Amino acid sequence: MPNHTERIILIESLSEFLQSTVGHKLEISESITHDTQRGHDRHCSTQSCIQFSVENFQWTISGGNLIISGPKPTQYSISTGQLSSVEIQNNYAKITERFEAHTERLTTFKLLSS
């Protein structure tokens, strides 16, 4: 897990990317695994994928969540307290949140339109 300073840098870079998605269509793919040693294969994880046009981005102080939302009731949240890695390229971001020793969520945000 990143230290406090590293976590702030991860949050800032992810916030900047998510803010840039407002007004654009975004695809969000996630995988939740209960066995981090095996990774995110179909035997020990679940996968989901959604697409929507992002209308708003916010960061809640209480709970420390980054939230992007589209047409109601569409929204997706990231727990900043659980961030373990962030990788950002031009049109996508890949993040990992670690919730317990063997449970993590891998999320990829892909910008579909500009």
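Quick summary incoming for the structure in this document.

How each quantity is defined
- Residues numbered from 1 in each chain as written.
- Predicted model: local features only at pLDDT ≥ 70, side-chain atom pairs only at ≥ 80, totals over all residues.
- Heavy atoms only, no water.
- Helix = DSSP H or I, 4+ residues; strand = E, 2+ residues; numbered from the N terminus.
- Buried < 20%, exposed > 50% of the residue type's maximum accessible area, 1.4 Å probe, protein only.
- Polar contact = N/O pair within 3.5 Å; in protein donor to acceptor, adjacent residues only side chain to side chain.
- Pairing = 2+ DSSP bridges.
- Axes fitted to C-alpha atoms, helices over the stretch in contact; angles between N-to-C directions.
- Contact = heavy atoms within 4.5 Å.

Counting through the fold element by element, Ser-45 comes out in strand E2 (residues 45-53). Look at Ser-45 and you get buried, because its relative accessible area is 11%. Within the local environment of Ser-45, its side chain forms a polar contact with the backbone oxygen of His-40, the two atoms lying 3.4 Å apart. Separated by 2.5 Å, the side chain of Ser-45 and the backbone oxygen of Asp-41 make a polar contact.

Pairing between sheet strands relies on hydrogen bonds along the backbone, with the strands arranged either parallel or antiparallel. Taken in spatial order, the 5 strands of this open sheet run E2-E1-E8-E7-E6, and their pairing is antiparallel. Of all the strands in the sheet, just E2 and strand E6 (83-88) have a single pairing partner and so form its edges. Neighbour-to-neighbour, the strand axes of this sheet turn through a mean angle of 15°, independent of strand direction. Examined bridge by bridge, strand E1 (residues 25-33) and strand E8 (residues 103-111) share 8 bridges and lie antiparallel to one another. Of the residues in E8, the one forming a bridge with Ile-28 is Phe-109. Lying over the sheet, helix H1 (residues 4-20) contacts E6, strand E7 (92-100) and E8, oriented at roughly 45° with respect to E6.

A word on the sheet that holds strand E5 (residues 75-79). If you walk across this open sheet you meet the 3 strands as E3-E4-E5, and the pairing is antiparallel. A single partner strand is all that each edge strand has here, and the edge strands are strand E3 (56-60) and E5. The average angle at which neighbouring strand axes cross in this sheet is 15°, direction not considered. Where strand E4 (residues 65-69) lies against E5, 5 bridges are found, and the strand directions are antiparallel. From the neighbouring strand, Ser-69 faces E5, where its bridge partner is Gln-75.

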